[in-house]
Amino acid sequence: MRLIHSQIDTTSAEFQANAIHNRNLAETLRERHRKTRFERPQRDLDRLARQHKLSVRERIEALLDPGTPFFELSTLAANQAYGGEVPGAAIVTGIGIVAGQEVVIHADDPSVKGGSWYPLSVKKIVRALDIAIENRLPVVHLCDSAGGFLPLQADLFADKYLAGRIFRNQATLSKLGIPQVAIVLGHCTAGGAYIPALSEYNVIVRGTGAIFLGGPPLVKAATGEVVTVDELGGCDTHTQISGTADYPADTEMHAIAIARDIVGTWKRVEKLKIERIAPEAPLYDPAELYGIIPRDIKVQFDMREVIARLVDGSRFHEYQPAYGTTLVCGFAHLWGMRVGIIGNNGVLFNDSSLKGAHFMQLCDQNRTPILFLQNITGYMVGREYEHRGITKDGAKMIMAVSGLEVPKITVIVNGSFGAGNYGMSGRAFDPRFLFMWPQSQISVMGADQAANVLTELKVKQATRGGGELSAEAIAAIREPILDDYRRQSSALYSTSEMWDDGILDPVDTRNALGVTLSATLNRPIDRPHFGVFRM
Amino acid sequence: MRHLFLIDEAEHEAGLAPAGDGLYHLLVGGETLAVALDGPRLVTGGRRDAVHVAVEGNVAHIHLDGRAFRVEFREAMARFAKGGAEGGADTLTAPMPGSVVAVNVEAGTSVTAGQIMMVIESMKLETAIKAPRDGVVATAHVAAGKTFNKGAALITLAPLEEA
Amino acid sequence: MTQSFPFDTVLVANRGEIALRILRTLRRLGLKGAIVHHAADKGAPAIAAADIAIEIKGVTPVAAFLDGAQIIAAAKAAGAGAIHPGYGFLSENAGFARAVAAAGIAFVGPLPEAIELMGDKVRARKFVADRGFPVAPSAIEDDDPASFAERARAVGTPLLIKPSAGGGGKGMRIVRDLALLDEEIERARSEGLRYFGDGRLYVERFVENPRHIEVQVMGDAHGNVIHLWERECSVQRRFQKVVEETPSPALTPAQRRDICETAAGIARAANYRNAGTVEFIYGNGEFFFLEMNTRLQVEHPVTEEITGLDLVEVQLRVAAGEALPLAQGAVPSSGHAIELRIYAESPSRGFVPTTGRLLALDWPSGPGVRVDAGIAAGQAVTTAFDPMLAKLIVHGATRGEAIARARKALAETVVLGCETNIAFLDRLLADAVFAAGEVHTGTLDARPDLAAEPPLTEDLRRRLLAAAALSIRPVRDAADRIPALHAAIGGWRN
């Protein structure tokens, strides 16, 4: 390991301008988080107050151990969907510590449309449970949902990864021996009823909690039977008569206290044994990341400067420092845990692709989790590179990244374009977690490049009968295309659609990696084995 | 959630988390204090005090600054239950069918948690119906010698005032 | 010259600190110590310290210690040639003293006649007054019940009504307005009946802001009586002593000699043998005879500290027929001694007795510091017996030095598991009134602030929470379950 010697001049005009730009972005992100978490129509807040309900945030804070982190995932899910009216997709998910246990928390947010499940809500729950499965994390469900949002039922019900997948994932967790506790704080109707039913443990609040397949109005319509909520599926009904619920609770806080006690009885799994040392803060201030990330996505920067502000003591052992220099590979410690790091320092050439595939195999062999730091425009194109086999070298990287047994975590620190996204452990390659920085972009190709291609097509159509378009006319075609493309390649769009697990303020990245890397170590991993590399 | 402690009946919340090397972080209000207890030595922040602590269940008897204090930890489950630690309802129901052997209380009787209020017999087995919490009996539903069915109300305690 | 004792085994008919304290002297003198004990005192150190321990039974634990026949039987079984009754229980029971003597066992205390005389407050007072010693103006109902109310009026206000058979403050009533006299007499009578089964009363002048000063006396079978100086016991709550000291800060040297010689004179007039205490009420430079206690007092150690005598040893020697070991002129008075009674009680809640299991005990030590305790960690403190747990006795060259030592010793005294008055004692010692030596028997009632717990400072609150959180298992275990990594990241939110 060597201390990284930063080449950054923090007094330079460039650094200062970047810092202002990126700090503004981070500030905007925080403001979006705040609004998503706390800004609600007054009538919804009043309704919850009448029901003596805590807010979802208060519930989570009560659930967590004092003095421990809560890392919220996909806070801005659905921010570009449903007219922006379903903040966080009406669901809060994250990783936290409950009774000393790392758990995934899934909480319905009853202050958003009564906790209705939208298609992206379903996606968010499924993703949270995928995380639980992939990382062997127990789950605490805080249930308070009015059920599926009927007008959009076609988009949330039937397909493989839609609502049914929630319950399939719960059953999978159970089969893996990973416990779940559901706290029923409101109604769990229809499909929602299965969340507590499929949890090994559940707690229900007397008076406000209820579980049923069909609520009283549906029962009346179906069979004519008139029944109260409590009789049909209240606390005493389920804890004393049906056995659907396990623990009666008097209040929400009581229920949360019981759930904490339950989690405290769970056996903790033995973590994957990787090299660990005492954590050390980075030598360089992580806040300097604001000044390092360029304002313009096309401006290159040295990924070592980012690494120096993430890893323990800013110490890094660089692998093959002279070969394939557009890919930086090496070892470092994050919160004392040894990781391999693969970061982009330019376009991927043949040598850098080979280096990447080789280093991945090395990490898999010595059981070292890998952190991917993406800033990639893609693999080099052109005759020379094709002749040298750039496609098959890229394929080697994809084969390697797909076949890794060690945990992968990906942070898109700037651009993520084209096949570079694949080779650098994009979403499709099952990194255990994937995060974006606020200014980062993700798409098949860069916005200008893509807009040019699309504009050219349109111009060709418009001029098929002959004639030429004025520069203004071309601009009128190009601008909306460019705007649309930019929106869809933004981090906000990505996170709205949950192509990632959330946007990170760069200074939060080290903590986020600590929490998630620790989570990945709960799952045992297989011996190294890969598919066939095209040599 | 943070823990609840009672010092002389007054409530205080605090959290405790490990800080490595035998140190802990005490979270009080918005502050974090590095603390440790090393035998008769209490470290709080930069301060070291001689201390004697004797623990009895959830109560710590502490001798500090030449004074003795009693600090009680309230378990969260008991703290937030409206009734007793079991989170039971105000009405105690029969766990199985049987008959009443003895009734020790009547409406208005003050009971303390654990006090035997009624003895019932089912399947030749005597079971004591104990008060789940401190309170006052509102109704004793069945008299000695009477039989009852499973789930029948036996005794109802007067509901506690909402805090 | 001292001679060998006519008995080799002494039965201690008591419990707690006094039993242990008596056993200590027995051991030092080469005598065997036997003890009677009740199951309620399981684990008490006195039981372990005795050479012979015999269990006694009773409807209540106190009843067992009041059962003279059982105790005499125990003494015989132990082969004891003497019984030391300690204080309380049967120590001032003339019938018991007689029965002991009749059983051929030496009673370490006065003759039954002296116990009888001084046990009847009315007779005792008349005896003292008739011999020219000062008593407060008073009226005794028995003298002429018909004129009692009228004679009581003549005593003048403020006056104090007391049950003739009483003691320990029970049934006493102060009257400041003669219009209420009849009403208060009836109330005192019914209380007297309730507590002592005896409704006879007497009234005496009530001394405002009175101070309680008593004199230790000692007599032998050869007609010698000496005093061992006075003790001031004005710090009282609910008419029970809390702090005792000697010399009294209230007295000039002349007054001191006067009061001590008066006490010795009374004892001499009563042909008093063994240890006794003559109690006076003192105010406005005057003192009046109050009563005489015919036993070893709880607060005897302060006298031992300034005289260098072991009073229990002197008691045993006198009981064995020896002459007093020193003449009056040879009794020293060196320095200043203070005794603090440590009670299981809650000063902030009207000094009500508290109970619990003693989890940790740590007594102070060092030069001039003595602790007479009879309890051990693990023992239960119940309401079966008196709530006194121990006595802390300090000795210094001056009163100021004694107070400073007492405060340091109090700070080092650890009693955990049961609320005590230790912090209260320190507040009292730190108070200007005590420092000035101006405490009278009504001071504690007039100063409720001394009994109140001071509010917790923020700093102390935090340290208490820290100590509790680190000690109580579920709390510490919960912290220890938190992974180090997450604890290091702390309460971070993204």
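Everything numeric in this text was worked out from a predicted model, so none of it was measured.

Cut-offs and rules
Residues numbered from 1 in each chain as written. Chains lettered and ligands numbered in written order. Predicted model: local features only at pLDDT ≥ 70, side-chain atom pairs only at ≥ 80, totals over all residues. Heavy atoms only, no water. UniProt positions renumbered as here; feature names shortened; annotations may be inferred. Helix = DSSP H or I, 4+ residues; strand = E, 2+ residues; numbered from the N terminus. Contact = heavy atoms within 4.5 Å. Buried area = accessible area lost by both parts, 1.4 Å probe. Salt bridge = Lys/Arg side-chain N within 4 Å of Asp/Glu carboxyl O. Polar contact = N/O pair within 3.5 Å; in protein donor to acceptor, adjacent residues only side chain to side chain. Nonpolar A, V, L, I, M, F, W, Y, C, P; charged D, E, K, R; others polar. Pairing = 2+ DSSP bridges. Axes fitted to C-alpha atoms, helices over the stretch in contact; angles between N-to-C directions. Core = buried A, V, L, I, M, F, W, Y, C linked by side-chain atoms within 4.5 Å. Buried < 20%, exposed > 50% of the residue type's maximum accessible area, 1.4 Å probe, protein only. Domains from an automatic or database assignment. Right-handed = clockwise from strand over helix to strand, strands pointing away. pLDDT = per-residue confidence, 0-100.

Take the UniProt feature "domain: CoA carboxyltransferase C-terminal" (unreviewed entry) in chain A next. UniProt marks residues 281-527 of chain A with the feature "domain: CoA carboxyltransferase C-terminal" (unreviewed entry), using the numbering shown here. Between the end C-alpha atoms of residues 281-527 of chain A there is a gap of 32 Å, over a span that is 40% helix and 18% strand.

Time to look at the UniProt feature "domain: CoA carboxyltransferase N-terminal" (unreviewed entry) in chain A. If you check UniProt for "domain: CoA carboxyltransferase N-terminal" (unreviewed entry), the listed places come out as residues 22-278 of chain A in our numbering. The span residues 22-278 of chain A carries 40% helix and 19% strand; its end-to-end C-alpha distance comes to 31 Å.

All right, on to the interface of chain B and chain A then. Of the residues lining the interface, 16 residues belong to chain B; the matching set on chain A comes to 17 residues. Buried area between chain B and chain A, summed over both chains or domains, comes out near 1200 Å², and the portion from carbon and sulfur atoms is 63%. Scanning the region where chain B abuts chain A turns up zero salt bridges. Our count for the chain B to chain A interface comes out at four residue pairs in polar contact (both at pLDDT 80 or more). Counting residues per element, the ones that place at least two in the side of chain B that touches chain A are β2 (10-20) and α1 (76-80) of chain B. Of the residues assigned to the side of chain B that touches chain A, the class counts are ten nonpolar, four polar and two charged.

A few words now on the sheet that holds strand β11 (residues 225-237) of chain C. Within a sheet, adjacent strands bond to each other through the backbone by hydrogen bonds, running parallel or antiparallel. Residues and elements named next belong to chain C. An order of β14-β13-β10-β11-β12-β15-β22-β20 is seen for the eight strands of this open sheet, with the pairing classed as antiparallel. Among the strands making up the open sheet, the edge pair consists of β14 (286-293) and β20 (369-373). Averaged over neighbouring strand pairs, the angle between their axes works out to 25° when direction is ignored. Across nine bridges, strand β10 (residues 211-219) lies against strand β13 (residues 274-283) in antiparallel orientation. Each bridged residue has a counterpart across the sheet, and for Gly219 the counterpart in β13 is Asn274. Contacts from helix α1 (residues 16-28) reach β20 and β22 (388-396) within the one sheet, and its direction differs from that of β20 by about 115°.

What follows deals with the nonpolar core. Counting residues in hydrophobic clusters, the biggest one holds 99 residues, and the most contacted among them are Val243, Phe280, Leu316 and Leu340 of chain C. Both of domain 1 (9-108) and domain 3 (211-451) of chain C provide at least three residues apiece to this core. By size, the runner-up hydrophobic cluster in this structure holds 98 residues, among which are Val306, Phe316, Tyr385 and Leu404 of chain A.

Here we take up the domain arrangement of chain A. Residue and element names in this part refer to chain A. Here chain A is described as being made up of domain 1 (10-39 + 270-444 + 490-535), domain 2 (42-264) and domain 3 (447-488). Across the interface of domain 1 and domain 3, roughly 490 Å² is buried in total on both sides, 37% from carbon and sulfur atoms. Of all residues in domain 1, Ser443, Ser490 and Tyr493 give up the largest surface area on contact with domain 3, accounting jointly for 66% of the area buried on that side. The interface formed by domain 1 and domain 3 holds one salt bridge in total. Here Asp448 and Lys298 are joined by a salt bridge, their closest N and O atoms 3.5 Å apart. In this structure, the connection of domain 1 to domain 3 is made through three residue pairs in polar contact (both at pLDDT 80 or more). Of the residues belonging to the side of domain 1 that touches domain 3, the class tally is four nonpolar, two polar and one charged.

For interface size, the figure often reported is the accessible area lost on association. With 37 residues of chain C at the interface, the matching set in chain B holds 40 residues. At the boundary of chain C with chain B, total buried surface from both sides reaches about 3600 Å², with 72% on carbon and sulfur atoms. Considering only the surface of chain C that becomes buried against chain B, Arg463, Leu465 and Leu470 of chain C emerge as the three largest contributors, covering 18% of it. Taken together, the links from chain C to chain B amount to six salt bridges. Residues Glu453 of chain C and Arg67 of chain B are paired through a salt bridge, measuring 2.8 Å at the closest nitrogen-oxygen approach. Linking chain C with chain B are eleven residue pairs in polar contact (both at pLDDT 80 or more). Elements with a minimum of two residues in the side of chain C that touches chain B: β19 (360-362), β23 (414-416), α18 (458-471) and α19 (473-481) of chain C. It is α18 of chain C that provides the largest number of residues to the side of chain C that touches chain B, a total of 13 residues. Of the residues that constitute the side of chain C that touches chain B, the class distribution is 25 nonpolar, three polar and nine charged.

For the rest of this paragraph, the subject is the pairing of strand β6 (residues 180-189) of chain A. Residues and elements named next belong to chain A. By the criterion of burial, β6 is predominantly enclosed, with nine of the ten residues buried. Where strand β5 (residues 139-145) and β6 come together, six bridges link them in parallel fashion. Its bridge partner being in β6, Val140 is matched across the sheet by Val181. Between the parallel pair β5 and β6, the chain is carried across by helix α5 (residues 163-175), and the sense of this crossover is right-handed. Both β6 and strand β8 (residues 210-212) contribute to a ladder of three bridges, which runs parallel.

Residues and elements named next belong to chain B. Here chain B averages 87 in pLDDT, and 93% of its residues register 70 or above. The model gives residues 84-88 a pLDDT under 50, and that stretch makes 13 contacts with residues more than four places away or in other chains. Scored as a whole, the predicted complex attains pTM 0.84, and scored at its interfaces, ipTM 0.94.

Residue and element names in this part refer to chain C. Here Thr157 and Pro158 are connected by a cis peptide whose omega angle stands at -15°. Examined against the element boundaries, Pro158 turns out to sit in the loop between α8 (148-155) and β7 (159-163). With an omega of 0°, the peptide bond running from Thr246 to Pro247 counts as cis. With a phi close to 70°, Trp229 is a non-glycine residue in the positive phi region. Counting through the fold element by element, Trp229 comes out in strand β11. The class of Trp229 is buried, set by a relative accessible area of 15%.

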